[in-house]
Amino acid sequence: MYRDYENNTPGNAHSTTLGVQLGYESPEMAGLSFGAVYSYVEPLDSSRYSNNGKTLLSNGRVNLLNEVWLKYRLESLGLTNTFIKVGRQVVNGEVFRADEFRQKQRAFEAAILVTKDIPDTTLMIGHAERISNVWDNEDSWKFQDLGDGVTWVEAVYTGITNLEVAVFDAYAYDWVNLAGGRVKYTLSDTTALHGYYRHENDVGRGANHSSDMVGASVRQKIGGVTLEPGFLSVGGDTLAFSELGTGINHPLGSSMMIYSGQFEGGAKTAYLKAGAKIDKTVLYALYNCTWNDKTPYNGQELNVVVKQPIGDRLTVALKVGAGYRDSRTGRADTFASDARLFVTYNF
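Since we're looking at a predicted model, the values are computed, not measured.

Draft legend 1. Structural context of the overall build of the protein chain. When you go through the protein chain residue by residue, the secondary structure sums to zero helices and 18 strands. At 21 Å, the protein chain has a C-alpha radius of gyration in line with the 20 Å of a compact globule built from 347 residues. Once the C-alpha set of the protein chain is aligned to its principal axes, its extents read approximately 65 × 50 × 40 Å. Here the protein chain, with 347 residues, has 44% of them falling under the buried criterion. Across the protein chain, every contact between residues at least 6 apart in sequence was considered, and the portion connecting residues at least 24 apart equals 54%. Summed over its atoms, the accessible surface of the protein chain is roughly 17,000 Å², and 57% of this surface lies on carbon and sulfur atoms. Computing the positive centroid from 33 side-chain charges and the negative centroid from 39, the protein chain places the two 4 Å apart.

Draft legend 2. Here's a closer look at unusual backbone geometry. You will see that D174, though not glycine, has its phi angle at about 55°, which is positive. Position of D174 relative to the elements: it lies in the loop between β9 (163-172) and β10 (176-186).

Draft legend 3. Region of interest: the nonpolar core. The biggest cluster of nonpolar side chains holds 32 residues, and the ones touching the most others in it are V95, F96, F108, W152 and F241. Those elements giving two or more residues to this core turn out to be β6 (107-115), β7 (121-132), β8 (144-160), β9, β10 and β13 (225-236). With near-sequence residues (within four places) excluded, F241 lies in contact with V95, F96, V150, A170, A172, W175, V176, L178, R198, E200, T246 and I248. Within the second largest apolar cluster, eleven residues are counted, among which are M1, L56, M256 and A336.

Draft legend 4. Geometry of the environment of A336. Within the fold, A336 resides in strand β18 (residues 334-345). Since its relative accessible area comes to 0%, A336 is described here as buried. For the pair formed by A336 and N12, sequence separation is 324 residues and the distance between their alpha carbons is 9.2 Å. With residues up to four places along the chain from it excluded, the contact list for A336 reads D4, Y5, M257, Y259, G321, A322 and G323.

Draft legend 5. Structural detail: the packing of aromatic side chains. Going through the model one piece at a time under the given rule, you end up with eight aromatic pairs. Between F96 and W152, the ring centres sit 4.8 Å apart and the planes meet at 80°, which makes this aromatic pair edge-to-face. In this pair, F96 is assigned in the loop between β5 (82-89) and β6 and W152 in strand β8, connecting sequence segments 56 residues apart. Using a relative accessible area of 1% as the deciding quantity, one classes F96 as buried. Their ring planes at 25° and their centres at 5.6 Å tell us that W175 and F241 sit as a pair that is stacked. Note that W175 is positioned in the loop between β9 and β10 and F241 in the loop between β13 and β14 (267-278), a separation of 66 residues in sequence.

Draft legend 6. Here's a closer look at the environment of L22. Position of L22 relative to the elements: it lies in strand β2 (residues 12-25). As for L22 and L65, which are separated by 43 residues in sequence, their C-alpha atoms are 9.5 Å apart. Residues contacting L22, with those up to four places away along its chain left out, are A36, V37 and Y38.

Draft legend 7. Local environment of the environment of T269. Mapped onto the fold, T269 is located in strand β14. Residues T269 and T290, 21 residues apart in the sequence, show an inter-C-alpha distance of 4.2 Å. Among the polar contacts made by the side chain of T269, one reaches the side chain of T290 at a distance of 2.9 Å.

Draft legend 8. Layout of the pairing of strand β17 (residues 314-327). Examined bridge by bridge, strand β16 (residues 297-310) and β17 share 14 bridges and lie antiparallel to one another. When the bridges of β17 are listed, N303 appears paired with G321. Counting the residues in the hairpin turn of β16 and β17 gives three residues, including G311, whose phi is positive at 75°. Across twelve bridges, β17 lies against β18 in antiparallel orientation. What sits directly across from G321, in β18, is D338. Hairpin connection, β17 to β18: the antiparallel pair is bridged by six residues, and G330 has positive phi, about 90°.

Draft legend 9. Main features of the pattern of salt bridges. Inspection of the entire model under this criterion finds 16 salt bridges. Here E42 and R61 are joined by a salt bridge, their closest N and O atoms 2.6 Å apart. On the criterion of sequence distance, the pair formed by E42 in strand β3 (residues 32-46) and R61 in the loop between β3 and β4 (62-73) is long-range, its members being 19 residues apart. Classification of R61 by relative accessible area gives partly exposed; the value is 32%. The salt bridge partner of K268 is D293, with a shortest N-O separation of 3.2 Å. Pair noted here: K268 is in strand β14 and D293 is in the loop between β15 (281-292) and β16, with a separation of 25 residues, a long-range link. Because the salt bridges share partners, they merge into one network encompassing R88, E109, R130 and D145.

Draft legend 10. Molecular detail of the side chain of S217. For S217, the position within the fold is in strand β12 (residues 210-222). Among the polar contacts listed, one links the side chain of S217 to the side chain of E228, at a separation of 2.6 Å. If we ignore the near neighbours within four places in the chain, the residues touching S217 are A192, L193, H194, E228, P229, G230, P251 and Y271.

Scoring rules and cut-offs
- Residues numbered from 1 in each chain as written.
- Predicted model: local features only at pLDDT ≥ 70, side-chain atom pairs only at ≥ 80, totals over all residues.
- Heavy atoms only, no water.
- Helix = DSSP H or I, 4+ residues; strand = E, 2+ residues; numbered from the N terminus.
- Rg over C-alpha atoms; globule rule 2.2 N^0.38 Å.
- Buried < 20%, exposed > 50% of the residue type's maximum accessible area, 1.4 Å probe, protein only.
- Contact = heavy atoms within 4.5 Å.
- Areas by Shrake-Rupley, 256 points an atom, 1.4 Å probe, with all protein chains shown as cover.
- Lys, Arg positive; Asp, Glu negative; His and termini not counted.
- Charge placed at Lys NZ, Arg CZ, Asp CG, Glu CD.
- Core = buried A, V, L, I, M, F, W, Y, C linked by side-chain atoms within 4.5 Å.
- Phe/Tyr/Trp six-rings, centres within 6.5 Å; stacked < 30°, edge-to-face > 60°.
- Polar contact = N/O pair within 3.5 Å; in protein donor to acceptor, adjacent residues only side chain to side chain.
- Pairing = 2+ DSSP bridges.
- Salt bridge = Lys/Arg side-chain N within 4 Å of Asp/Glu carboxyl O.

The structure is reproduced here in structure tokens:
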């Protein structure tokens, strides 16, 4: 991984790491199963002032049991599509999201109940106490307390033809409450409309906080290419639940750098995503332009990903990003670049 950020100390840094991930999931017996994932990453080479890849890159050492969980399917109660899962686990839904732009996925120490036994509905109820983030700088990858914890509920309903509706609420004790929804309306085999809204407000002893996020996009397939132009707006304060922390299921997509400040309070972002698969080659691009009311710059960012399987076990992925900040205060404009090469072998 290599990064070069103008007007930043250090201005550029590189880090090469070698890692191993060992995972096991047991067969299910009488509804019970368990699993574990261990991640170990070691820097092989890094620039002098990067603190073994931690500074600027967040690409350093990891030594962690990222997942260890126990799962029970409630078949004995006649609920064949309902389970309880407790322990360290990756949660990927409406409130929390995993992230594949780093060496490990975001994980939580949590207990969840998931059911699909309600017609046309997927329901998740959970409580998380700690988080292990995707960043490999200092102790961010270690499991850290989420204050007094986060309790959440989310539901996805698909009982109306061509319509998918999701609603969710997450309560972070003495911090903030998140409530929102997501809709997807399929017009045809090639066209779909997406809408997204979420509101955050302080609760308990939490500091004053209020934020509203609105998003809309159109997903259009043209031949083998999928295009998605969209708009995202954050009103009020900077988001507490965002890609920088807990992850976020939002229409903008995964941004490697977040250089233009898309989740800052007062940010308005126009973007275009494009994806395609040519034979086995996966292509992805994301461009965004952000206008900020509160930060002293407007910004743009471009991310491009090329992923190529080689045989059945080897995969090579190149992920490149470039960002630009246009200062509104008379300071110099800045440019930043980000490059990551992933070589993965699955045993």
